[in-house]
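Results of the structural survey
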Amino acid sequence: MTHTMNEALVWQTKLHARLHDPAEKALVLLRDPAGHEGGTSRTLWRLARSTELAAGSPLDNDNADVLHAVAFKEGIDVSTYRSVRRADWWAAAADRPQWPMREVLSKDGQKIFAVAEFARVRWTQKPVLKHPLSGAEYDLGEHGGLSETDFTDIKQRSFDHFAKLLIRDGGITDLKRSVLAFWRFGPEVMEDEDNGKLGELWRLLPADTRVPDHSIWDHLDLTSAFAGAFAVDPKGEAALLAMSFGPVQSFIEAARSTSDLWAGSHLLSRLAWEAMKPVCAELGPDAILFPRLRGVPQVDLWLRDDCGLDRSLFDGCEWMKAGTDANPLFAAALPNRFVAVVPASRAVELARTVETKVREWLQSLGKQVVDRLLKEAELENDNAYAYRQMRGQLEGFPEVHWAAVPFSLIHCKDEARERDLDVSSLSAAMRPFFEGDSEPGFLDSAAWKVLRKETKWQDHTVFFDPNPGVLYPAVHELAERVLAASKAARLFKQAPQKGWRDSLTGEVEWLATDPEQRSWNKSYREKHGTLWTKLEGRFGIKKGEHLGGLGAIKRVWPALFAEQVGKALGNADMAARRFVVSTHTMSLAGALSKWIEKGERIPPKWIDELKKHDRVALPRKLVLKLREHDYGQGDLLAHIPAWLDDARDADDAAALQDARRGVNDLLREKPDTYYALLLMDGDRMGAWLSGENAIRYIDSFHPQVRDGFRKHIEREPELQKYANQPRALSPNRHLAISGALNDFALTVVRYVVEREYMGRVIYAGGDDLLAMLPVSDLLPCMRRLRAAYSGHDDYPDPENAAARHLKLKKGFALLEYDDKRTLMRMMGSPWTAFDGQKHMGATASIGAVIAHHQAPLAAVLRELHAAEQRAKNEGGRDAFSLSVIKRSGGAIYLTQKWHAQDREWPAMKLLLKLVEAFEQEGASRRAAYHVMEWSHDLPEVAQLGRDSYREMLTTLLHFQLQSQGLTKKDDMELAQAIAATAPLDKPAAEIADAIDNLLSVAEFFARDAHA
């Protein structure tokens, strides 16, 4: 049965929810006589209901002492007010610790509860932000503080900002579009230059000054999500809906080119958005708790074109400006799963709608692809069979799994106040997914044991009976367990495939225009011709390739998507291009960069040859260098890699050799023949999303509250236990992780890889990153990406001018570029000290491969994933692993921790120092070979003892380095750092291998990669 929905009620409720707290709350709290609810929020609601007020109108603070409840009862029905109030309570309970309260008498003699004095934080006097994942403290007072800010001016600016976002049509507020505009652009207030500090902080202003680890926007999003679900559901009930889509890796890795890799990852990201779109259309994008959708370019495009937000609102967005595949719309920015707050009565229907819509979208795309292929091959009249094949091969794809858990599993004995919780139904539902006799999961945690009952302390009521929002961790935990169980019960069955298999996956028959063609062997295909022989050279289709449905979609998707972006931007030139990521481009990048710097010109004899080949996409840093040097032949330079690509794809050794000679002659040097692939993945992301590695409650408190809490709980074991308990999973944690990963993938990764270095991002979806780089840029880029993931860099490269625009400190990233300043929260520093104890933060591992540009991509990808797994397993995570695949045969492997506790130098710093030492004038790279000659004669560690053994290694290494000109006679630092990497708990042979590999890798990077 389909439920009808009062759409106006939903969006009115959500608008109230977004206005229940003002954005500037932290800056006016305990300063504004009107109270934080009596100013901007109240006036904005009046504006939403009135045709008289407009942006620039002074704030009306009459009756500013009106209670919060009265302010929001005006103009709305009681049930809507109760939905918003209830959503606010649930959101606060889900995200924040509780505070000591005491009973006092009000002026009229009524008993009320007042917060303990030490928990009354005047944030502008001591403005502190807490990183929600690492607990790192960022004291804004170090930079002048905010106590001098004029709160009336701040309120006026806030009001004017939101008044401009309020959308009115004929004097009537458009509720839905106003909510969407508030959600998307509320956090992006534009400040004058002299108020830049507030502009930077606006996105991070805390919701609660006592626990400043989540922003006011997080709180408004969550309140709006709960309120919308309550408004839709007939019984006012909400549920968590978790959905995932796949398969992921097998789909992405079915690739014969880096363009296939991009297309696979981008398609999955787009499928994820098509799945989320029905939820966003019905309940708003704030209903999606993970991933966070604000600022995702594909979502922006939907807001503009489908929802009707004013085009001018998006003028400052990068996706509206870039006319190449550097446009963020080309980034695979969304993961293959989401978690949403939905009405309990609509959860099943929504899940089924999502499944239907995402498959319908893919089927529609499949039809477009067949249309295009047949048109290009001039076979439009002979098409029925290819369409049937495509439909059959896409049936049941992608796999869709979902689980919905209603909060109604939590019963409230006191229904009026939603207190005195009975979790017996929730416990019974969770028990089958857990082992043991105790309460399952979160219900057995120390945090719940403290929070589940009212706690008294002296004359304070420290913890009230919690509302259901506190049990978000248990509801989410159950949803994840049920989702995992649904994946295990896979029901999808592949339709039988009878003909020759496709070239990309080997799993399905290739698309044909006649069923008889399925049995044609290679020679018969070449003799009589097929759809695919007619398409050779187009859409990246190589000679002899015959593709099935998904393979065909991958090949055509770059062209189709470029057309979509071109249409969205009004850029016909973009629509006419097919952007190709080329391994030849990377191997030539260094030579092309030198060519540009020298101001060389392309000899006339090669111009006609280059024009025979399509242009390819050049690294963005190379394009910027072309602009900087006003190089008139820039477009022709983009044809040079295609010359080599076409010769290779033609499978003609003589043509490839001629092309190589021509490129060498044109560039007047022998260019590099190696390139690098980098694969980065966040460690234990599932554990982070499930709440593991959480900081303690007390470590999330504002310093004033933390100190007061400690002072008052010295003799209270229960409160001490609570304070030292790791924080329970919360929606804020999911929003923090998703927000950090979005900013990392969409902004920071692209800046580092493509602005600081000469690389190309193939895909970047949250913590998952694949990039291609010139060999010379690989090591420093790996180091910088790892630092950026944490938001902290101890030793940025002073020689890299672009790196100066991206500052990384205490878990935050500040990007100052293109006249914009963007402050972003990353995943947090790897280690944070609390009370003398080190808390381990989020980490990431990187695998990298250096390969010859002619090496088969499938083999290189296998080696890349093996390198990543070595970093995770042999390196124990928070590590990197390098594979150097030599053209002449053989390989070198190196696996190291990023941050080894017993070493003065981080491993990558040591490796870069070694490369630098090998490269310096007068140094001999034979030092590496000399060390190999004696390293395998080393004695066992037990014969000398660890200290003496390390001292011996240092002496031997220093002698070798010094005699080959790598270090000075009295400089022992480099030798000591190398010796410190020796695994002294291993046999001598493994110690020798570790040292040999380190020196061999450094020596490889120091030499020219021409061979």
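Look up a bit, the structure's there.
This structure is a prediction, so every number in the text was calculated from the model and none was measured.

With their axes 9 Å apart at the nearest point, helix 35 (residues 926-935) and helix 37 (residues 946-963) run at an angle of 145° to one another. Of the two possible hands of crossing, helix 35 and helix 37 adopt the one that is right-handed. Mapping the contact onto sequence places Ala927, His930, Val931 and Trp934 in helix 35 and Leu956, Leu957 and Gln960 in helix 37. For the contact of helix 35 with helix 37, the per-class residue count stands at five nonpolar, two polar and no charged.

Our focus in this paragraph is helix 13 (residues 347-376). The terminal C-alpha atoms of helix 13, which comprises 30 residues, lie 44 Å apart, in line with the 44 Å expected from a rise of 1.5 Å per residue. Downstream of helix 13 by one or two residues, Glu378 has phi in the positive range, about 55°.

On the surface, Glu904, Asp970, Asp971 and Glu973 cluster together to form a negatively charged patch. When you line up the elements, Glu973 lands in helix 38 (residues 973-980). In this structure Glu973 comes out as partly exposed when scored by relative accessible area, which is 41%.

Quick look at the pairing of strand 16 (residues 760-765) now. By the criterion of burial, strand 16 is predominantly enclosed, with six of the six residues buried. Relative to strand 17 (residues 768-773), strand 16 is paired through five bridges, and the arrangement is antiparallel. Along strand 17, the bridge assignment pairs Ala764 with Leu769. Where strand 16 folds back on strand 17, the antiparallel hairpin that results is connected by two residues, among which Gly766 adopts a positive phi of roughly 70°.

The antiparallel open sheet is built from four strands, whose spatial order is 8-9-7-10. Each edge of the open sheet carries a strand with a single partner, namely strand 8 (288-290) and strand 10 (399-406). Between one strand and the next, the sheet's axes are offset by a mean angle of 25°, whatever the strand orientation. By the bridge criterion, seven bridges tie strand 7 (residues 238-246) to strand 9 (residues 337-343) in an arrangement that is antiparallel. Counted as the bridge partner of Ala238 is Pro343 from strand 9. Across the sheet, helix 9 (residues 216-232) touches strand 7, strand 8 and strand 9, and the angle it forms with strand 9 is around 50°.

A separate point is the sheet that holds strand 25 (residues 891-897). Here six strands make up an open sheet; going across it, the order is 16-17-15-23-24-25 and the pairing mixed. Looking along the sheet, the strands with just one partner apiece sit at the ends: strand 16 and strand 25. Taking the axes of each pair of neighbouring strands and ignoring which way they run, one obtains an average angle of 10° across the sheet. Pairing between strand 15 (residues 674-682) and strand 17: five bridges, direction antiparallel. In the strand pairing of strand 17, Met680 is matched with Leu769. In the packing of helix 31 (residues 731-756) onto the sheet, the strands contacted are strand 15, strand 16 and strand 17, and the crossing angle to strand 16 comes to about 160°.

Looking now at the packing of aromatic side chains. Applying the stated criterion to the full structure yields 25 aromatic pairs. Pairing Trp273 with Trp302 gives two aromatic rings, centres 5.5 Å apart and planes at 75°, and the pair type is edge-to-face. A residue pair is termed long-range when its members are at least 10 positions apart, and Trp273 in helix 11 (residues 258-283) and Trp302 in helix 12 (residues 297-305) qualify at 29 residues. For the pair shown, Trp273 and Trp302 are each scored as buried. These aromatic residues form a ring-pair network of at least three members: Trp262, Phe330, Trp361, Trp557 and Phe561. Positioned above the aromatic ring of Tyr795 is the side chain of Lys909, whose terminal nitrogen or guanidinium carbon lies 5.5 Å from the ring centre.

For the bond from Phe290 to Pro291, the omega torsion is 0°, close enough to zero to count as cis. Here Pro291 is to be found in the loop between strand 8 and helix 12. For the bond running from Phe397 to Pro398, omega is -5°, close enough to zero to count as cis. With respect to the helices and strands, Pro398 occurs in the loop between helix 14 (384-394) and strand 10. A positive phi angle, close to 55°, is found at Lys810, a residue other than glycine. Mapping Lys810 onto the fold places it in the loop between strand 18 (806-809) and strand 19 (812-817). The residue Arg877 is not glycine, and still its phi comes out positive at about 65°. Owing to a relative accessible area of 29%, Arg877 belongs among the partly exposed residues under this scheme.

Quick look at helix 23 (residues 604-611) now. Along helix 23, the residues that are buried comprise Trp606, Glu609 and Leu610. When helix 23 is viewed along its axis, its buried side chains cluster within an angular range of 100° and face the same direction. Across from the buried face of helix 23, at angles greater than 90 degrees, the exposed residues are Pro604, Asp608 and Lys611.

About the thresholds
- Numbering of residues starts from 1 in each chain and follows the order in which that chain's sequence is written.
- Local features are withheld for residues below a pLDDT of 70 in this predicted model, meaning they are given only at 70 or higher, and side-chain atom pairs are given and counted only at 80 or more; totals for whole chains, interfaces and linings count all residues.
- Side-chain figures throughout are based on the complete set of non-hydrogen atoms in the structure, without hydrogens or water.
- Geometry is summarised by axes, namely lines fitted to C-alpha atoms with helices restricted to the contacting stretch, and by angles between N-to-C directions that run from 0 to 180 degrees.
- Note on conventions: DSSP H or I runs of at least 4 residues are helices, E runs of at least 2 residues are strands, and numbering of each starts at the N terminus.
- Left-handed describes a crossing whose near helix is turned anticlockwise from the far helix by less than a right angle; the clockwise case is right-handed.
- Any two residues having at least one pair of non-hydrogen atoms within 4.5 Å are treated as being in contact.
- Here the term charged refers only to Asp, Glu, Lys and Arg, the term nonpolar to Ala, Val, Leu, Ile, Met, Phe, Trp, Tyr, Cys and Pro, and the term polar to all other amino acids, Gly among them.
- Helix span, expected: 1.5 Å multiplied by one less than the number of residues in the helix.
- Without a salt bridge and with relative accessible area above 30%, a residue can belong to a patch; like charges are then joined within 9 Å and nonpolar side chains (Val, Leu, Ile, Met, Phe, Trp, Tyr) within 5 Å.
- Per-residue and other accessible areas were derived by the Shrake-Rupley procedure at a 1.4 Å probe size, with only the shown protein chains allowed to occlude residues.
- Salt-bridge detection follows one rule: a side-chain nitrogen of Lys or Arg within 4 Å of a carboxyl oxygen of Asp or Glu.
- Residues scored as positive are Lys and Arg, those scored as negative are Asp and Glu, and His as well as the terminal groups of each chain are ignored.
- Here the site of a charge means NZ on Lys, CZ on Arg, CG on Asp, or CD on Glu.
- Classification of residues uses two cut-offs on accessible area relative to the type maximum, computed with a 1.4 Å probe and protein chains only: under 20% is buried, over 50% is exposed, and between them is partly exposed.
- Pairs of strands are assigned from DSSP output, requiring at least two bridges between the strands.
- Note on aromatic contacts: the rings of Phe and Tyr and the six-membered ring of Trp form a pair at centre separations within 6.5 Å, being stacked when their planes are under 30 degrees apart, edge-to-face when over 60 apart, and tilted otherwise.
- As a reminder, the over-ring test applies to NZ of lysine and CZ of arginine, requiring each to be within 6 Å of the ring centre and within 35 degrees of the ring normal.
- Directions from the helix axis toward the C-beta atoms define the arc.

So yeah, pure geometry; function would need other evidence.
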